Amino acid sequence: MTNSKFFEGHQINAIREKLIAMDDSKWAMLSTIQFKDPTTTLIVSILAGSLGIDRFMIGDTGLGVGKLLTCGGFGIWAIIDWFMIQGATREKNMQKIRQFLN
């Protein structure tokens, strides 16, 4: 799977099975889904995480506003997100593909 960097390793087989069972008419729509790159999100988190831009990028608007108003939780939340943001990005990507496949 060429998009494996967008998902957790343990989720790849489940996605593969659902794609194999999927109707051929959905393939064109599936190719239009835009997944967020976890590496890009990490770079943005390191550079501007205290402003919440990383959370806005992945669609966590509430958390983005919280980080913006508290300057990244006074820096603590921003540092924690350096380690957590890639997993959060992959989870958001998984939610997108689940919505499409169900």
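Before any of the text, the structure's been laid out above.
Described in the following lines is the structure provided in the data block. Since the structure is predicted, the reported quantities are computational estimates derived from the model, not experimental observations.

### Points about the packing of aromatic side chains
Stage number 1. Applying the stated rule across the entire model yields 2 aromatic pairs.
Stage number 2. Summarising the aromatic geometry, the rings of Phe-7 and Phe-35 are spaced 5.1 Å apart at their centres and angled 75° between planes, so their arrangement reads as edge-to-face. Here Phe-7 is found in the segment before helix H1 (12-21), whereas its partner Phe-35 is found in the loop between helix H2 (27-30) and helix H3 (38-48), with 28 residues between them in sequence. Judged on exposure class, the residue Phe-7 and its partner Phe-35 are both buried.

### Thoughts on the side chain of Thr-89
Stage number 1. Its location among the elements puts Thr-89 in helix H7 (residues 76-101).
Stage number 2. Discounting chain neighbours no more than four positions away, the residues touching Thr-89 are Lys-36, Asp-37, Pro-38, Thr-41 and Ile-58.

### Focus on the packing of H3 against H7
Stage number 1. Relative to each other, H3 and H7 sit at 160°, their axes nearing to 9 Å. On the basis of their axis angle, the class for H3 and H7 is roughly antiparallel. Considering only the axes of H3 and H7, their crossing is right-handed. Taken together, the residues of H7 that come into contact with H3 (itself represented by Pro-38, Thr-39, Thr-41, Leu-42, Ser-45 and Ile-46) are Ala-78, Asp-81, Trp-82, Ile-85, Gln-86, Thr-89 and Arg-90.

Rules and cut-offs
Residues numbered from 1 in each chain as written. Predicted model: local features only at pLDDT ≥ 70, side-chain atom pairs only at ≥ 80, totals over all residues. Heavy atoms only, no water. Phe/Tyr/Trp six-rings, centres within 6.5 Å; stacked < 30°, edge-to-face > 60°. Helix = DSSP H or I, 4+ residues; strand = E, 2+ residues; numbered from the N terminus. Buried < 20%, exposed > 50% of the residue type's maximum accessible area, 1.4 Å probe, protein only. Contact = heavy atoms within 4.5 Å. Axes fitted to C-alpha atoms, helices over the stretch in contact; angles between N-to-C directions. Parallel < 35°, antiparallel > 145°, perpendicular 65-115°, else oblique. Left-handed = near helix turned anticlockwise from the far one by under 90°.

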